[in-house]
Amino acid sequence: MNQTDLPETHSEETTEHELQPTYAPATLALGIMFMFWGILTHWSMSLIGIMVMVGGIWSWMKEINSSWSETP
């Protein structure tokens with residue numbers, strides 16, 4: 001099938017803004033690990049894990065929000 005055989009809607013290229021790499025998913029995973037580690041060791045480690053998790057989620061959502069506000 002040639003490019004000329006396709007409807008015009010397929011011939012237009014859509015450009016989507018790609019997210020930049022971030023450490024937020026790794027931070028979230030680290031927080032989850034600390035939280036579960038705290039269950040086995042001490043409650044303060046779970047508290048640190050929860051704080052790291054909240055920081056990772058907040059950072060990730062901030063990145064997504066800023067990338068959405070940049071798109072036209």
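Residues numbered from 1 in each chain as written. Predicted model: local features only at pLDDT ≥ 70, side-chain atom pairs only at ≥ 80, totals over all residues. Heavy atoms only, no water.

A.B. asks: I'm lost on helix H2 (residues 24-40) in this one. Help?
C.D. replies: The periodicity of an α-helix, 3.6 residues per turn, causes residues three or four places apart in sequence to face the same way. Over its 17 residues, H2 extends 25 Å from the first C-alpha to the last, a length consistent with the 24 Å expected when each residue adds 1.5 Å. Contacts made by the buried residues of H2 are with helix H3 (43-70). (Helix = DSSP H or I, 4+ residues; strand = E, 2+ residues; numbered from the N terminus. Expected span 1.5 Å × (residues − 1). Contact = heavy atoms within 4.5 Å.)

A.B. asks: Would you explain the confidence of the model for the chain in this entry?
C.D. replies: Any segment with low pLDDT has predicted coordinates that should not be analysed in fine detail. Mean pLDDT for the chain: 83, with 72% of residues reaching 70 or above. Per-element confidence in the chain is highest for H2, whose mean pLDDT is 95, and lowest for helix H1 (residues 8-11), whose mean pLDDT is 54. (pLDDT = per-residue confidence, 0-100.)

A.B. asks: Quick question: what am I supposed to make of the side chain of Ser46 here?
C.D. replies: Take Ser46: it is sitting in helix H3. A relative accessible area of 13% means that Ser46 is categorised as buried. Of the polar contacts made by the side chain of Ser46, one reaches the backbone nitrogen of Ile39; its length is 3.3 Å. Ignoring anything within four residues of it in the chain, the contact list for Ser46 reads Phe34, Met35, Gly38 and Ile39. (Buried < 20%, exposed > 50% of the residue type's maximum accessible area, 1.4 Å probe, protein only. Polar contact = N/O pair within 3.5 Å; in protein donor to acceptor, adjacent residues only side chain to side chain.)

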